[in-house]
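One letter stands for each residue in the lines below.
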Amino acid sequence: MMTRVISPLLAVMLLAASPAGAALAPDAPVMVAAAKRKPAKRQPTPVPPPPQEAAPAAPVTPDVTPPVSATPESGSRGTAAPQDATPSSEPSLDFDLLTPEAEASAGLLDPNLQKDLETRRTMLKLHQGLGLAMAGGLTAATVLGQIQFSRSFTDGGGDNRSLLAWHRGVVIGTSLLFATVGTLGILAPDPVERPFQWDTVTFHKIFMSLATAGMIAQAVLGILATHSYGEITEPKYATAHQVVGYATLGCVAAGIVTLTF
(Lines give C-alpha, C1' and ligand atoms only; values in the text may rest on other atoms or scores of the structure.)
Protein backbone atom coordinates (compact mmCIF):
# COMPACT_ATOMS: atom_id res chain seq x y z
CA MET A 1 0.00 0.00 0.00
CA MET A 2 2.78 2.38 0.90
CA THR A 3 4.67 1.43 -2.19
CA ARG A 4 1.74 2.47 -4.35
CA VAL A 5 1.64 5.90 -2.70
CA ILE A 6 5.38 6.52 -2.67
CA SER A 7 6.04 5.60 -6.27
CA PRO A 8 3.94 8.36 -7.79
CA LEU A 9 5.41 10.92 -5.38
CA LEU A 10 8.95 10.02 -6.46
CA ALA A 11 8.01 10.35 -10.05
CA VAL A 12 6.59 13.78 -9.46
CA MET A 13 9.69 14.94 -7.59
CA LEU A 14 12.00 13.78 -10.43
CA LEU A 15 9.94 15.58 -12.96
CA ALA A 16 9.95 18.73 -10.92
CA ALA A 17 13.75 18.67 -10.68
CA SER A 18 14.21 18.44 -14.44
CA PRO A 19 13.69 21.47 -16.71
CA ALA A 20 10.87 19.78 -18.50
CA GLY A 21 9.36 18.90 -15.24
CA ALA A 22 9.46 22.52 -14.10
CA ALA A 23 7.32 23.42 -17.03
CA LEU A 24 4.90 20.69 -16.19
CA ALA A 25 5.01 21.29 -12.43
CA PRO A 26 1.71 23.11 -12.22
CA ASP A 27 0.02 20.18 -13.88
CA ALA A 28 1.57 17.57 -11.68
CA PRO A 29 -1.29 17.31 -9.21
CA VAL A 30 -3.68 16.90 -12.09
CA MET A 31 -1.63 14.05 -13.51
CA VAL A 32 -1.41 12.42 -10.10
CA ALA A 33 -5.15 12.70 -9.75
CA ALA A 34 -5.57 11.33 -13.24
CA ALA A 35 -3.23 8.46 -12.40
CA LYS A 36 -5.29 7.59 -9.34
CA ARG A 37 -8.56 7.82 -11.27
CA LYS A 38 -9.70 4.58 -12.77
CA PRO A 39 -10.36 4.67 -16.41
CA ALA A 40 -14.08 5.04 -17.10
CA LYS A 41 -15.81 2.38 -19.02
CA ARG A 42 -16.80 3.40 -22.50
CA GLN A 43 -20.47 3.10 -23.24
CA PRO A 44 -21.17 1.01 -26.29
CA THR A 45 -22.20 3.04 -29.26
CA PRO A 46 -25.80 2.21 -30.13
CA VAL A 47 -26.08 0.49 -33.46
CA PRO A 48 -28.93 1.85 -35.57
CA PRO A 49 -31.42 -0.80 -36.67
CA PRO A 50 -31.07 -1.92 -40.21
CA PRO A 51 -33.46 -0.15 -42.58
CA GLN A 52 -36.58 -2.16 -43.24
CA GLU A 53 -37.13 -3.23 -46.74
CA ALA A 54 -40.21 -1.75 -48.35
CA ALA A 55 -43.00 -4.22 -49.05
CA PRO A 56 -43.24 -5.11 -52.69
CA ALA A 57 -45.95 -3.14 -54.43
CA ALA A 58 -49.02 -5.07 -55.51
CA PRO A 59 -49.05 -5.75 -59.20
CA VAL A 60 -51.31 -3.35 -61.03
CA THR A 61 -53.84 -5.21 -63.13
CA PRO A 62 -55.02 -3.19 -66.06
CA ASP A 63 -58.79 -2.76 -66.28
CA VAL A 64 -59.51 -4.77 -69.33
CA THR A 65 -63.14 -4.91 -70.47
CA PRO A 66 -64.03 -8.14 -72.26
CA PRO A 67 -64.79 -7.54 -75.88
CA VAL A 68 -68.43 -7.35 -76.86
CA SER A 69 -69.58 -9.30 -79.82
CA ALA A 70 -70.48 -7.16 -82.79
CA THR A 71 -73.59 -9.16 -83.68
CA PRO A 72 -76.97 -7.33 -83.57
CA GLU A 73 -78.23 -9.62 -80.82
CA SER A 74 -75.31 -8.85 -78.49
CA GLY A 75 -75.70 -5.13 -79.12
CA SER A 76 -79.31 -5.24 -78.12
CA ARG A 77 -78.48 -7.20 -74.97
CA GLY A 78 -75.85 -4.67 -73.96
CA THR A 79 -78.23 -1.72 -74.09
CA ALA A 80 -81.57 -3.18 -73.07
CA ALA A 81 -82.38 -4.40 -69.58
CA PRO A 82 -82.92 -8.15 -69.27
CA GLN A 83 -86.53 -9.11 -69.50
CA ASP A 84 -88.27 -11.87 -67.65
CA ALA A 85 -88.90 -14.83 -69.93
CA THR A 86 -92.04 -15.92 -68.09
CA PRO A 87 -95.41 -14.47 -69.19
CA SER A 88 -96.83 -11.67 -67.04
CA SER A 89 -100.03 -13.13 -66.65
CA GLU A 90 -102.06 -16.26 -67.21
CA PRO A 91 -103.82 -16.34 -70.57
CA SER A 92 -107.41 -15.10 -70.17
CA LEU A 93 -110.08 -17.75 -70.72
CA ASP A 94 -113.10 -15.45 -70.33
CA PHE A 95 -114.49 -15.76 -73.85
CA ASP A 96 -117.61 -14.09 -75.10
CA LEU A 97 -120.09 -16.03 -77.18
CA LEU A 98 -118.76 -14.95 -80.58
CA THR A 99 -115.32 -13.53 -79.69
CA PRO A 100 -112.33 -15.25 -81.40
CA GLU A 101 -110.12 -17.09 -78.92
CA ALA A 102 -106.64 -15.58 -79.32
CA GLU A 103 -105.08 -18.11 -76.96
CA ALA A 104 -106.40 -21.04 -78.96
CA SER A 105 -105.10 -19.65 -82.24
CA ALA A 106 -101.69 -18.99 -80.66
CA GLY A 107 -101.44 -22.64 -79.54
CA LEU A 108 -100.85 -21.75 -75.88
CA LEU A 109 -103.54 -24.02 -74.44
CA ASP A 110 -103.89 -27.72 -73.84
CA PRO A 111 -104.49 -29.58 -77.15
CA ASN A 112 -107.85 -30.99 -75.99
CA LEU A 113 -109.00 -27.62 -74.72
CA GLN A 114 -107.85 -25.94 -77.91
CA LYS A 115 -109.78 -28.49 -79.98
CA ASP A 116 -112.96 -27.85 -77.99
CA LEU A 117 -112.57 -24.10 -78.37
CA GLU A 118 -112.09 -24.39 -82.13
CA THR A 119 -115.20 -26.60 -82.37
CA ARG A 120 -117.16 -24.09 -80.30
CA ARG A 121 -116.01 -21.24 -82.51
CA THR A 122 -117.08 -23.07 -85.70
CA MET A 123 -120.49 -24.00 -84.29
CA LEU A 124 -121.14 -20.48 -83.04
CA LYS A 125 -120.27 -19.03 -86.42
CA LEU A 126 -122.88 -21.30 -87.98
CA HIS A 127 -125.24 -20.33 -85.15
CA GLN A 128 -124.76 -16.68 -86.04
CA GLY A 129 -125.11 -17.07 -89.81
CA LEU A 130 -128.16 -19.34 -89.67
CA GLY A 131 -129.67 -17.11 -86.97
CA LEU A 132 -129.63 -14.14 -89.32
CA ALA A 133 -131.25 -16.26 -92.04
CA MET A 134 -133.87 -17.43 -89.54
CA ALA A 135 -134.62 -13.82 -88.57
CA GLY A 136 -135.17 -12.96 -92.23
CA GLY A 137 -137.50 -15.93 -92.71
CA LEU A 138 -139.45 -15.04 -89.58
CA THR A 139 -139.89 -11.50 -90.85
CA ALA A 140 -141.21 -12.78 -94.18
CA ALA A 141 -143.59 -15.18 -92.42
CA THR A 142 -144.91 -12.34 -90.24
CA VAL A 143 -145.53 -10.07 -93.25
CA LEU A 144 -147.34 -12.83 -95.17
CA GLY A 145 -149.38 -13.71 -92.09
CA GLN A 146 -150.42 -10.07 -91.58
CA ILE A 147 -151.55 -9.74 -95.23
CA GLN A 148 -153.49 -13.00 -95.03
CA PHE A 149 -155.11 -11.97 -91.75
CA SER A 150 -156.25 -8.65 -93.27
CA ARG A 151 -157.71 -10.36 -96.33
CA SER A 152 -159.58 -12.94 -94.28
CA PHE A 153 -160.95 -10.89 -91.39
CA THR A 154 -160.69 -7.11 -91.89
CA ASP A 155 -161.01 -6.19 -95.59
CA GLY A 156 -164.58 -7.46 -95.99
CA GLY A 157 -163.86 -8.68 -99.48
CA GLY A 158 -164.65 -12.31 -98.85
CA ASP A 159 -162.59 -15.22 -97.61
CA ASN A 160 -159.46 -14.91 -99.71
CA ARG A 161 -156.79 -17.39 -98.52
CA SER A 162 -154.43 -17.24 -101.48
CA LEU A 163 -151.39 -16.42 -99.28
CA LEU A 164 -152.10 -19.01 -96.62
CA ALA A 165 -150.02 -21.72 -98.35
CA TRP A 166 -147.08 -19.32 -98.76
CA HIS A 167 -147.32 -18.27 -95.15
CA ARG A 168 -147.43 -21.86 -93.98
CA GLY A 169 -144.42 -22.88 -96.12
CA VAL A 170 -142.27 -19.98 -94.88
CA VAL A 171 -143.24 -20.73 -91.29
CA ILE A 172 -142.19 -24.37 -91.63
CA GLY A 173 -138.82 -23.42 -93.13
CA THR A 174 -138.25 -20.75 -90.48
CA SER A 175 -139.15 -23.20 -87.71
CA LEU A 176 -136.58 -25.70 -88.99
CA LEU A 177 -133.91 -22.95 -89.09
CA PHE A 178 -134.89 -21.85 -85.61
CA ALA A 179 -134.50 -25.39 -84.26
CA THR A 180 -131.10 -25.76 -85.99
CA VAL A 181 -129.84 -22.45 -84.63
CA GLY A 182 -130.94 -23.33 -81.11
CA THR A 183 -129.33 -26.78 -81.30
CA LEU A 184 -126.00 -25.33 -82.42
CA GLY A 185 -126.04 -22.84 -79.54
CA ILE A 186 -126.88 -25.48 -76.95
CA LEU A 187 -124.53 -28.23 -78.17
CA ALA A 188 -121.50 -25.95 -78.72
CA PRO A 189 -118.85 -27.18 -76.25
CA ASP A 190 -118.02 -24.77 -73.45
CA PRO A 191 -114.90 -26.12 -71.67
CA VAL A 192 -114.38 -22.91 -69.69
CA GLU A 193 -116.49 -22.58 -66.56
CA ARG A 194 -117.52 -19.00 -65.95
CA PRO A 195 -119.56 -17.55 -63.07
CA PHE A 196 -122.99 -16.21 -63.85
CA GLN A 197 -123.07 -12.53 -64.79
CA TRP A 198 -125.47 -10.15 -66.47
CA ASP A 199 -123.80 -9.63 -69.83
CA THR A 200 -124.82 -9.59 -73.49
CA VAL A 201 -124.65 -13.38 -73.72
CA THR A 202 -127.08 -13.74 -70.81
CA PHE A 203 -129.59 -11.31 -72.34
CA HIS A 204 -129.25 -13.07 -75.71
CA LYS A 205 -130.16 -16.38 -74.09
CA ILE A 206 -133.15 -14.82 -72.30
CA PHE A 207 -134.56 -13.26 -75.47
CA MET A 208 -134.06 -16.42 -77.51
CA SER A 209 -135.72 -18.51 -74.79
CA LEU A 210 -138.76 -16.24 -75.01
CA ALA A 211 -138.65 -16.54 -78.81
CA THR A 212 -138.63 -20.33 -78.50
CA ALA A 213 -141.75 -20.22 -76.36
CA GLY A 214 -143.32 -17.87 -78.93
CA MET A 215 -142.54 -20.23 -81.82
CA ILE A 216 -144.19 -23.13 -80.01
CA ALA A 217 -147.22 -21.02 -79.12
CA GLN A 218 -147.56 -19.82 -82.71
CA ALA A 219 -147.55 -23.36 -84.04
CA VAL A 220 -150.30 -24.40 -81.60
CA LEU A 221 -152.45 -21.33 -82.29
CA GLY A 222 -152.01 -21.67 -86.07
CA ILE A 223 -153.19 -25.30 -85.99
CA LEU A 224 -156.21 -24.36 -83.83
CA ALA A 225 -157.13 -21.50 -86.18
CA THR A 226 -156.91 -23.81 -89.21
CA HIS A 227 -159.04 -26.54 -87.60
CA SER A 228 -161.69 -23.96 -86.54
CA TYR A 229 -162.21 -22.72 -90.10
CA GLY A 230 -165.65 -21.08 -90.51
CA GLU A 231 -166.36 -21.17 -86.79
CA ILE A 232 -166.76 -18.24 -84.45
CA THR A 233 -163.55 -19.10 -82.61
CA GLU A 234 -161.42 -18.88 -85.75
CA PRO A 235 -160.83 -15.06 -85.59
CA LYS A 236 -159.86 -15.36 -81.91
CA TYR A 237 -157.23 -18.01 -82.59
CA ALA A 238 -156.01 -16.10 -85.63
CA THR A 239 -155.68 -12.86 -83.61
CA ALA A 240 -153.76 -14.60 -80.82
CA HIS A 241 -151.53 -16.21 -83.47
CA GLN A 242 -150.87 -12.75 -84.93
CA VAL A 243 -149.97 -11.12 -81.56
CA VAL A 244 -147.64 -13.94 -80.53
CA GLY A 245 -145.99 -13.75 -83.98
CA TYR A 246 -145.09 -10.08 -83.49
CA ALA A 247 -143.82 -10.75 -79.97
CA THR A 248 -141.67 -13.61 -81.21
CA LEU A 249 -140.20 -11.47 -83.97
CA GLY A 250 -139.42 -8.76 -81.40
CA CYS A 251 -137.60 -11.24 -79.10
CA VAL A 252 -135.52 -12.55 -82.00
CA ALA A 253 -134.58 -9.01 -83.02
CA ALA A 254 -133.61 -8.15 -79.41
CA GLY A 255 -131.49 -11.29 -79.17
CA ILE A 256 -129.58 -10.33 -82.31
CA VAL A 257 -129.11 -6.71 -81.19
CA THR A 258 -127.61 -7.72 -77.81
CA LEU A 259 -124.76 -9.54 -79.56
CA THR A 260 -124.32 -7.06 -82.40
CA PHE A 261 -124.11 -3.91 -80.29
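As the structure is a computational prediction, the values presented were derived from the model and not from experiment. (Residues numbered from 1 in each chain as written. Predicted model: local features only at pLDDT ≥ 70, side-chain atom pairs only at ≥ 80, totals over all residues. Heavy atoms only, no water.)

Caption draft 1: Layout of the nonpolar core. Counting residues in each nonpolar core, the largest one holds 9 residues, listed as Met134, Ala135, Leu138, Phe178, Met208, Ala211, Met215, Cys251 and Val252. Looking at this core, the elements that each hand over two or more residues are α6 (111–154), α8 (200–227) and α9 (234–260). (Core = buried A, V, L, I, M, F, W, Y, C linked by side-chain atoms within 4.5 Å. Buried < 20%, exposed > 50% of the residue type's maximum accessible area, 1.4 Å probe, protein only. Helix = DSSP H or I, 4+ residues; strand = E, 2+ residues; numbered from the N terminus.)

Caption draft 2: Structural detail: the UniProt feature "transmembrane region" (unreviewed entry) in the protein chain. Mapped onto this structure's residue numbering, the UniProt feature "transmembrane region" (unreviewed entry) falls at residues 126–144, 165–186, 206–225 and 237–259. Counted over residues 126–144, helix gives 100% and strand 0%. Its end C-alpha atoms are 27 Å apart. For residues 206–225, helix accounts for 100% and strand for 0%, while the C-alpha atoms at its two ends are 28 Å apart. (UniProt positions renumbered as here; feature names shortened; annotations may be inferred.)

Caption draft 3: Spotlight on the packing of helix α7 (residues 164–187) against α8. As a packed pair, α7 and α8 sit with axes 12 Å apart at the nearest point and diverge in direction by 150 degrees. Accordingly, the angle class assigned to the pair α7 and α8 is roughly antiparallel. Classified by chirality, the crossing of α8 by α7 is left-handed. Taking contact as the criterion, the partners of Arg168, Thr174, Ser175 and Phe178 in α7 are, on α8, Met208, Ala211, Thr212, Met215 and Thr226. In terms of residue class, the contact of α7 with α8 is made up of 4 nonpolar, 4 polar and 1 charged. (Axes fitted to C-alpha atoms, helices over the stretch in contact; angles between N-to-C directions. Parallel < 35°, antiparallel > 145°, perpendicular 65-115°, else oblique. Left-handed = near helix turned anticlockwise from the far one by under 90°. Contact = heavy atoms within 4.5 Å. Nonpolar A, V, L, I, M, F, W, Y, C, P; charged D, E, K, R; others polar.)

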